[in-house]
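Each chain is listed here by its residues.
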Amino acid sequence: MKFFIDTADLDEIAEAKSWGCLAGVTTNPSLYARTGGKLADFEPHMLKIAELCEGLPVSAESTATTAEGMIEEGRRLAGLAPNIVVKLPVCEAGLAACRALADEGVRINMTLVFSAPQALLAANAGARYISPFVGRFDDIAQDGISQLADVVACVKNYDWAGRNVDGEVEIITASVRTPNHVTQAALLGADIATVPFAALKKCVRHPLTDQGLASFEADWKKVVEQA
Ligand code: E4P
């Protein structure tokens, strides 16, 4: 399973990239707003992320509400850099825009997916990536992982050759809150987990690793002192 970072913060992206295991970035309007971003800077900011992560897929979400608006904004976003993936919500307008943009060779990440039928519709509309949300189910005391299991099993049942520019559909586990979400997603065979920076840090660190590092350091100090 690949790791994407779920943020619009350039410093967080640069740090996660420096670890050598980052495969992509996802952003959304709330994440962009959290960086203090202004509407006029949205596209230049997406371009900065795409340049920082050259060669890796960077999802930039359209904020339009009509199919026409999404198509127009999607073309603009996709034209910024070759690694930009246009993120669209799964709804009637989003599906129609996905079909139109996919037919033009644009890679689409269909977001706000909460059910297997939504995921199958997105794949049929030409989505390159499908983002089922896990944490938001947990927020309402429902089981996000079992919903993810349904999406993974249903999408993996079929061959999507010819449906989008790459002929494959990858599932991005989204709305990830904890390392356990990552583990469960990998056990289910989800292709990708997109993880916020703080949760990604929690995936890197483990108390026993920290304890091991501290004891190595103390033992090594003794060796140096005895020399
Ligand atoms: C990713 O593509 C989504 O925008 C993101 O994971 C949503 O996460 P949230 O439920 O924490 O807002």
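Here, the structure is the one placed above.
Residues numbered from 1 in each chain as written. Predicted model: local features only at pLDDT ≥ 70, side-chain atom pairs only at ≥ 80, totals over all residues. Heavy atoms only, no water.

A.B. asks: Could you give an account of helix 6 (residues 116-124), naming the residues involved and the relevant values?
C.D. replies: Taken as a whole, helix 6 has its buried residues at A116, A119, A122 and A123. Relative to the axis of helix 6, the buried residues are bounded by an arc of 120° and lie together on one face. Its buried side turned inward, helix 6 meets helix 5 (92-103), strand 5 (108-113), strand 6 (129-132) and helix 8 (144-156). Among the residues trailing helix 6, G126 stands out with phi positive, at a value near 100°. (Buried < 20%, exposed > 50% of the residue type's maximum accessible area, 1.4 Å probe, protein only. Helix = DSSP H or I, 4+ residues; strand = E, 2+ residues; numbered from the N terminus. Arc of directions from axis to C-beta. Contact = heavy atoms within 4.5 Å.)

A.B. asks: So what's going on with a nonpolar patch on the surface? Which residues, and what values?
C.D. replies: Taken together, the side chains of W220, V223 and V224 make up a nonpolar region of the molecular surface, amounting to roughly 330 Å² of accessible area. Of note, V224 is situated in helix 11 (residues 207-226). Using a relative accessible area of 49% as the deciding quantity, one classes V224 as partly exposed. (Patch = residues over 30% accessible without salt bridge, like charges linked within 9 Å, V, L, I, M, F, W, Y side chains within 5 Å. Areas by Shrake-Rupley, 256 points an atom, 1.4 Å probe, with all protein chains shown as cover. Salt bridge = Lys/Arg side-chain N within 4 Å of Asp/Glu carboxyl O.)

A.B. asks: Could you give me a rundown of the side chain of T26, with the residues and numbers involved?
C.D. replies: Here T26 shows up in strand 2 (residues 24-26). Take T26: its relative accessible area is 2%, and that puts it in the buried class. At a separation of 2.8 Å, a polar atom in the side chain of T26 contacts the side chain of D6. Separated by 2.5 Å, the side chains of T26 and T194 make a polar contact. What T26 contacts, discounting residues up to four positions off in sequence, is F4, I5, D6, T7, L31, S59, K87, N109, I172 and T194. (Polar contact = N/O pair within 3.5 Å; in protein donor to acceptor, adjacent residues only side chain to side chain.)

A.B. asks: Please set out the side chain of E73 residue by residue, giving values where relevant.
C.D. replies: Within the secondary structure layout, E73 lies in helix 4 (residues 67-80). One polar contact links the side chain of E73 to the main-chain amide nitrogen of T63, over a distance of 3.0 Å. Setting aside residues up to four positions removed in sequence, E73 forms contacts with F42, E61, S62, T63 and A64.

A.B. asks: Quick one: what's the story with the site of the ligand, residue by residue and with numbers?
C.D. replies: Taken together, D6, T26, N28, K87, F133, R136, A174, S175 and R177 make up the full set of residues adjacent to the ligand. Within the side chain of D6, an N or O atom sits 2.7 Å from an oxygen atom of the ligand. Within the side chain of K87, an N or O atom sits 2.7 Å from an oxygen atom of the ligand. Considering the ligand on its own, with 340 Å² of exposed area, one finds that the protein chains cover 86% of that surface. For the shell around the ligand, the residue count by class is 2 nonpolar, 3 polar and 4 charged. (Near = heavy atom within 4 Å. Nonpolar A, V, L, I, M, F, W, Y, C, P; charged D, E, K, R; others polar.)

A.B. asks: Describe the environment of N83, listing the residues and the values that go with them.
C.D. replies: Within the secondary structure layout, N83 lies in the loop between helix 4 and strand 4 (84-89). On a C-alpha basis, the gap between N83 and C53 in space is 8.3 Å, while along the polypeptide they are 30 residues apart. Sequence-distant contacts of N83, defined by excluding residues within four places in its chain, comprise A50, C53, E54, G55, L56, P57 and V58.

A.B. asks: Go over the packing of helix 8 against helix 9 (residues 179-188), please, and point to the residues and values.
C.D. replies: At a closest axis distance of 10 Å, the pairing of helix 8 and helix 9 adopts a crossing angle of 25°. The angle between helix 8 and helix 9 places the two elements in the roughly parallel class. Our pair here, helix 8 against helix 9, has a crossing hand that is right-handed. For the pair helix 8 and helix 9, the contacting residues are I145, L148, A149 and V152 in the first and H181, Q184, A185 and L188 in the second. Of the residues in the contact of helix 8 with helix 9, the class split is 6 nonpolar, 2 polar and no charged. (Axes fitted to C-alpha atoms, helices over the stretch in contact; angles between N-to-C directions. Parallel < 35°, antiparallel > 145°, perpendicular 65-115°, else oblique. Left-handed = near helix turned anticlockwise from the far one by under 90°.)

Function-wise, these values are silent; they only describe arrangement.
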